[in-house]
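A structural walkthrough
The lines below spell out each chain.
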Amino acid sequence: MNYTQQQWFDNATEQERKAYVIKGEPHSKHMFPIIDGKLSLDNSYYAAMLRDVRIDDEKYKSAEEAHRAAQHYKLSLLKEQNLPELNESELGISDFNKNIVDEDNLLSVETIIHLAAQFNNPCSALEDFLELDLEDIKKTFEGSVKPKALLNAAYDLVDDWTDWMIDHELYGWLIQVMMPEVKYIKQDSYTYTWSIIHPKWIYAETYELAYAKAKAWQQEELKKLNNNNNI
């Protein structure tokens, strides 16, 4: 847990805590007690964990035993009814950022623009985006604007972008991501270099959705490269 999550958890009700941990995966953690100011290797044990929360005070002799205990605890929680629905993003306790760190990630987020906050003083990155080829701009907003509106978008967006955004209520998140040059050696095995990069602009109503779309684009690009390597 990070500090924000720990602070929330410490002040949460028992039912809220259950609703939080049930979203995690059972696992074990090797524990080393401190004896006389030193870590004791001889007295180590395993703790049963669920979403990085220790579920009991039991000192298990093996990782497998602790893992089983965590699994049984999660199964018992799944049988409980009326656990509260937690809006973890609103509470600031989601694992969204941690999960990104844990990924084997060939994706870099270079630019993040919240369009709703750009109308009074647009940033230079947005101006750069609006100077792209019109077709590239239209592709960025595919799925977020009616197809007919995209088809008819032929005027200079650099000058009239505020009207266009307002007309179509595009107030969400515009991000630019990049992936490195990837070369497949064989199926599912590759090398890559960030000295050559491939950029992509993406729009969505929330940052989480924009990042998910970026990951989908990255996976599709890797799939194409892999298929081409196998031809």
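Details of the structure are given in the entry above.
Okay, so let's go over this structure. (Residues numbered from 1 in each chain as written. Predicted model: local features only at pLDDT ≥ 70, side-chain atom pairs only at ≥ 80, totals over all residues. Heavy atoms only, no water.)

Summed over all chains, the structure comprises nine salt bridges. Linking lysine 18 and glutamate 14 is a salt bridge whose minimum nitrogen-to-oxygen distance equals 3.6 Å. On the criterion of helical spacing, the pair formed by lysine 18 and glutamate 14 is a turn pair, its members being four residues apart in helix H2 (residues 14-21). You can call lysine 18 buried: its relative accessible area is 14%. Residue glutamate 135 pairs with lysine 138 through a salt bridge whose shortest N-O separation is 3.2 Å. Taken together, the residues span about one helical turn, with glutamate 135 and lysine 138 both in helix H7 (residues 134-140) at a distance of three residues. The exposure class assigned to lysine 138 is buried, which follows from its relative accessible area of 13%. (Salt bridge = Lys/Arg side-chain N within 4 Å of Asp/Glu carboxyl O. Helix = DSSP H or I, 4+ residues; strand = E, 2+ residues; numbered from the N terminus. Buried < 20%, exposed > 50% of the residue type's maximum accessible area, 1.4 Å probe, protein only.)

So, on to a nonpolar patch on the surface. A surface patch of nonpolar side chains, amounting to about 450 Å² of accessible area, comprises Phe32, Ile34, Leu39 and Leu41. Checked against the element boundaries, leucine 41 lands in the loop between strand E3 (38-39) and strand E4 (45-50). Residue leucine 41 is classed as exposed on the basis of its relative accessible area of 62%. (Patch = residues over 30% accessible without salt bridge, like charges linked within 9 Å, V, L, I, M, F, W, Y side chains within 5 Å. Areas by Shrake-Rupley, 256 points an atom, 1.4 Å probe, with all protein chains shown as cover.)

This part covers H2. Those residues of H2 lying buried are Lys18, Ala19, Tyr20 and Val21. Contact partners of the buried residues in H2: helix H1 (3-11), E4, strand E5 (53-54), helix H3 (63-78) and helix H4 (88-91). (Contact = heavy atoms within 4.5 Å.)

The next thing to look at is the nonpolar core. The biggest cluster of nonpolar side chains holds 18 residues, and the ones touching the most others in it are Leu115, Leu126, Phe129, Phe141 and Leu174. For this core, the secondary structure elements donating two or more residues are helix H6 (124-130), helix H8 (147-151), helix H9 (157-167) and strand E8 (189-204). Counting residues per element, this core draws most heavily on H6, at four residues. Each residue touching leucine 174, except ones within four places of it in the same chain, is listed here: Thr111, Ile112, Ile113, Leu115, Leu126, Phe129, Thr140, Trp201, Ile202 and Tyr203. The next biggest cluster of nonpolar side chains, apart from the first, holds 17 residues, and it includes Ile100, Tyr184, Ala214 and Trp217. (Core = buried A, V, L, I, M, F, W, Y, C linked by side-chain atoms within 4.5 Å.)

Bringing the packing of aromatic side chains into the picture now. The tally for this structure, following the rule as stated, stands at eleven aromatic pairs. Aromatic pair phenylalanine 141 and tyrosine 203: ring centres 5.2 Å apart, planes at 50°, arrangement tilted. Of this pair, phenylalanine 141 sits in the loop between H7 and H8 while tyrosine 203 sits in strand E8, and the two are 62 residues apart along the sequence. With respect to burial, phenylalanine 141 and tyrosine 203 carry one shared label: buried. Each ring, one from tryptophan 173 and one from tyrosine 207, has its centre 6.4 Å from the other, and the planes form 75°; the classification is edge-to-face. Taken as a pair, tryptophan 173 in strand E7 (residues 173-186) and tyrosine 207 in helix H10 (residues 207-230) lie far apart in primary sequence, 34 residues in all. (Phe/Tyr/Trp six-rings, centres within 6.5 Å; stacked < 30°, edge-to-face > 60°.)

By the burial criterion, the buried members of H1 are Gln5, Trp8 and Phe9. Down the axis of H1, the sector holding all buried residues measures 100°, keeping them to one side. Along H1, exposed side chains directed more than 90 degrees from the buried face belong to Tyr3 and Asn11. Check the buried side of H1 and you find it contacts H2, E5 and H4. For H1, the N-terminal capping position is held by asparagine 2, with its side-chain oxygen 3.2 Å away from the main-chain nitrogen of threonine 4. (Arc of directions from axis to C-beta. Polar contact = N/O pair within 3.5 Å; in protein donor to acceptor, adjacent residues only side chain to side chain.)

This part is about the packing of H1 against H2. Relative orientation of the contacting elements H1 and H2 amounts to 140°, with a least axis distance of 8 Å. Overall, the two elements H1 and H2 adopt an arrangement that is oblique. Residue-level inspection shows Gln5, Trp8, Phe9 and Asp10 of H1 in contact with H2, the latter providing Glu16, Arg17, Tyr20 and Val21. Counted by class, the contact of H1 with H2 contains four nonpolar, one polar and three charged residues. (Axes fitted to C-alpha atoms, helices over the stretch in contact; angles between N-to-C directions. Parallel < 35°, antiparallel > 145°, perpendicular 65-115°, else oblique. Nonpolar A, V, L, I, M, F, W, Y, C, P; charged D, E, K, R; others polar.)

So, on to unusual backbone geometry. You will see that arginine 51, though not glycine, has its phi angle at about 55°, which is positive. For arginine 51, the location among the structural elements is in the loop between E4 and E5. Residue arginine 51 is classed as buried on the basis of its relative accessible area of 8%. With a phi close to 65°, asparagine 82 is a non-glycine residue in the positive phi region.

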